[in-house]
Amino acid sequence: MWAPKPNMIVEVESLGRAKIIKIIGNKALISLENFNHLQIEIEVSKISPINSQNIENITNAKNATLGTKMDYSGRKTLNIEDNKLDNSIQRIRTIESLRFGLVPEHHIEYLTLGFNDIKEWAIDTFNKCVINQPCGFEISGPYGTGKSHTLSIIRYLARKQGFLTAHVEVDGQNISFSNPSMLLNNLWRTLAENGIDSDNPLVNLYTKAINNGNIPQTIITSGQDRIKNNLKTIYTLIRTGNIDKYAHIVESIISCSDEFTVTQAKKEIFSEFNIDRSQIRIEPMVSKTVSKRGFDLVESLAGHAVLAKLAGFKGLIITIDEFEIEYYDKKNHIRVEEILNTIGQYLNGNTIYYKAPLGIYIATVDQYGYQGDPLIQRYIAPNELNRYRLRVWEQEQRVKLAEKIHKIYCEAYNLENPFDKSLASKIERLLAQKIENDDSGLIRSFIKWYVGLLDLKYGPPKEKVV
């Protein structure tokens, strides 16, 4: 009997390869390789271990199925039939994702209601951030209007514009603004969405900056600059040929993991005879002094936004979901407001930290009669132009979405069935009555139910190689 563990590479039923982030009871938080390392929770029973031999067998089987050819340099070449198969596989993966209520990036524009409006607003906000003007933004709406999906679109568009992206979902306890270390640790894990090494994403980012010839004297402050010290530490390890050996230790410290302490890290690194101890300047990114942690959070976010630019990105776009959960713990909520106040001071230019190409996007639900969250509007997005209001879509728009899903479904499984508008309307009315004002989300539930209905009506379809 195998035992799932963090960092293990696994095969996920219908969704392909993934990496286990952590185990949560009978579920696992995984990073999906086929969906830009999107993180979801899934039952352990739906995943299985995969070793190097299995990976090779799967790769060979996929290449054989796709008719992949190799030219003399070892590069893959595809003919027209291959491209058709590739598109079919993409559609199958899209349908599999929709069964989980997820919309993969390769169909996100097609399957998003109001995509052009979101895009226009998002591009305008990126233009504010790219001129080294840190900004905060709010995405608000009633329960079920698609805030999480909108944040996914913002990251998708940001990456297309050349930004580095990261995201986190707060839970009001461990992952909270009141706990900057845990917030940062979970945030930096998602950098892999940008094609960055998933094992040591921050070290990989620093390495990209170094390889671009960027080792400035200051990065984010004229005072004690921890980002600069990290950069010089990693440069020393690269120069002395020790980076591969100690990357995971350095990653632990700069990503706020509790796997190693700074004392343990330095003891390990100092054991190398060819390293000058004075060149190892690594230190905790979040201090033990509670009153300083808000500024530590700002330094890490803004400092890594500058680092992203040094590494060749336009800046750093961060999305934070489920902020309403921060209200559940009254004691922590006081600390949360203090942290938000500190972030607001930085956005207004009232700290010791330099301006950085940083965008912070926070999704909120309506609070105390406000359209949005009063705390976020006070500290993070006081300018109304920095707020995006989601609307509740009418039945007609949801039925049009069903028609698009039906089209992809039929193309994925080679079906020639006409769209049944009356059937889509019936399920829409049923769900609209059943889950009104429910935080599960009407659109997401509608998508999952409609795909399930198509499965019942048409098959379900036969399994295909993905």
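Remember, it's a predicted structure, so these values are computed and weren't measured experimentally. (Residues numbered from 1 in each chain as written. Predicted model: local features only at pLDDT ≥ 70, side-chain atom pairs only at ≥ 80, totals over all residues. Heavy atoms only, no water.)

Turning to the overall build of the chain, a few remarks are in order. A tally of regular secondary structure across the chain gives 15 helices and 12 strands. Classification of the 466 residues of the chain by burial places 50% in the buried group. Long-range contacts, defined here as pairs at least 24 residues apart, represent 67% of the contacts in the chain between residues at least 6 apart. Of the roughly 22300 Å² that the chain leaves accessible, carbon and sulfur atoms contribute 48%. (Helix = DSSP H or I, 4+ residues; strand = E, 2+ residues; numbered from the N terminus. Buried < 20%, exposed > 50% of the residue type's maximum accessible area, 1.4 Å probe, protein only. Contact = heavy atoms within 4.5 Å. Areas by Shrake-Rupley, 256 points an atom, 1.4 Å probe, with all protein chains shown as cover.)

Take the pattern of salt bridges next. Should the charged atoms of two oppositely charged side chains come close, the side chains can pair. Per the stated rule, a full pass over the model turns up 18 salt bridges. A network of salt bridges, in which partner residues are shared, links Glu105, Arg155, Arg159 and Glu193. (Salt bridge = Lys/Arg side-chain N within 4 Å of Asp/Glu carboxyl O.)

The next thing to look at is the confidence of the model for the chain. Scored by pLDDT, the chain has a mean of 84; 87% of the residues are at 70 or more. This model gives residues 52-85 a pLDDT under 50, and the stretch forms 31 contacts once residues within four places in sequence are excluded. (pLDDT = per-residue confidence, 0-100.)

One finds Phe177, Ile220, Leu301, Leu340, Ile343 and Tyr346 to be the most contacted residues of the largest nonpolar core, which totals 72 residues. Residue contributions to this core peak at 9 residues, all from helix H10 (residues 293-310). Sequence-distant contacts of tyrosine 346, that is, excluding residues within four places in its chain, are made with Pro134, Ile220, Val298, Ala302, Thr351, Tyr353, Tyr354, Lys355, Ala356 and Leu358. Grouped together as the second largest cluster of nonpolar side chains are 47 residues, Ile95, Leu151, Ile153 and Ile427 included. (Core = buried A, V, L, I, M, F, W, Y, C linked by side-chain atoms within 4.5 Å.)

Let us look at the packing of helix H3 (residues 115-129) against helix H4 (residues 147-160). Contact geometry of H3 with H4 gives a least axis separation of 10 Å together with a crossing angle of 55°. Relative to H4, the element H3 lies oblique. For H3 against H4, the interelement crossing comes out right-handed. Taken together, the residues of H4 that come into contact with H3 (itself represented by Phe115, Ile118, Lys119, Trp121, Ala122 and Phe126) are Thr150, Ile153, Ile154, Tyr156, Leu157 and Ala158. A per-class count over the contact of H3 with H4 returns 10 nonpolar, 1 polar and 1 charged. (Axes fitted to C-alpha atoms, helices over the stretch in contact; angles between N-to-C directions. Parallel < 35°, antiparallel > 145°, perpendicular 65-115°, else oblique. Left-handed = near helix turned anticlockwise from the far one by under 90°. Nonpolar A, V, L, I, M, F, W, Y, C, P; charged D, E, K, R; others polar.)

Taking strand neighbours across the sheet as the criterion, the 5 strands line up as S9-S10-S11-S8-S12 in an open arrangement whose pairing is parallel. Pairing within the sheet leaves two strands with one partner each, and these edge strands are strand S9 (164-169) and strand S12 (387-389). For this sheet the average axis-to-axis angle between neighbouring strands, irrespective of direction, equals 15°. Pairing analysis gives 3 bridges linking strand S8 (residues 135-140) to S12, with the strands arranged parallel. When the sheet's bridge partners are listed, glutamate 138 is paired in S12 with arginine 387. (Pairing = 2+ DSSP bridges.)

Attention now moves to the side chain of arginine 335. Here arginine 335 lies in helix H11 (residues 330-347). On the basis of relative accessible area, arginine 335 is assigned to the buried category, the value being 14%. For arginine 335, the contacting residues outside a window of four places in its chain are Ser178, Val290, Ser291, Arg293 and Gly294.

One way to put it is that helix H6 (residues 201-211) packs onto helix H8 (residues 243-254) with a least axis distance of 8 Å and a crossing angle of 110°. Between H6 and H8, the interaxial angle falls into the category roughly perpendicular. As for how H6 packs across H8, the hand of that crossing is right-handed. Across the interface between the two elements, Pro201, Leu202, Val203 and Tyr206 from H6 touch Ile243, Ala247, Val250, Glu251 and Ile254 from H8. Classifying every residue of the contact of H6 with H8 by side-chain character gives 8 nonpolar, no polar and 1 charged.

The next thing to look at is the packing of aromatic side chains. One pass over the structure, following the stated rule, counts 12 aromatic pairs. Arranged with centres 6.0 Å apart and planes meeting at 40°, the rings of tyrosine 409 and tyrosine 458 form a pair that is tilted. Separated by 49 residues along the polypeptide, tyrosine 409 in helix H13 (residues 395-412) and tyrosine 458 in helix H15 (residues 442-458) bring together distant segments of the chain. Put simply, the rings of Trp121, Phe126, Phe137, Phe163, Tyr361 and Tyr388 touch in pairs and so form one group of aromatic residues. Above the plane of the ring of tyrosine 110 lies lysine 404, whose end atom (NZ or CZ) is 5.1 Å from the centre. (Phe/Tyr/Trp six-rings, centres within 6.5 Å; stacked < 30°, edge-to-face > 60°. Lys NZ or Arg CZ within 6 Å of the ring centre and 35° of its normal.)

A large share of strand S11 (residues 358-364) lies buried, amounting to 7 of its 7 residues. The alternating pattern of S11 places Leu358, Ile360, Ile362 and Thr364 and Gly359, Tyr361 and Ala363 on opposite faces, both of which are buried. Where S8 meets S11, 6 bridges bridge the pair, whose relative direction is parallel. Opposite isoleucine 139, over in S11, you have alanine 363 as the bridge partner.

This part is about the environment of isoleucine 219. Following the sequence through the fold, isoleucine 219 ends up in the loop between H6 and helix H7 (226-239). A relative accessible area of 5% places isoleucine 219 in the buried class.

Another point: H3. Taking 1.5 Å per residue as the helical rise, H3 with its 15 residues ought to reach 21 Å, and the 21 Å between its terminal C-alpha atoms agrees with that figure. All buried positions along H3 are accounted for by Phe115, Ile118, Trp121, Ala122, Thr125, Phe126 and Cys129. When H3 is viewed along its axis, its buried side chains cluster within an angular range of 140° and face the same direction. H3 presents Asn116 and Glu120 as exposed residues on the side facing more than 90 degrees away from its buried surface. (Expected span 1.5 Å × (residues − 1). Arc of directions from axis to C-beta.)

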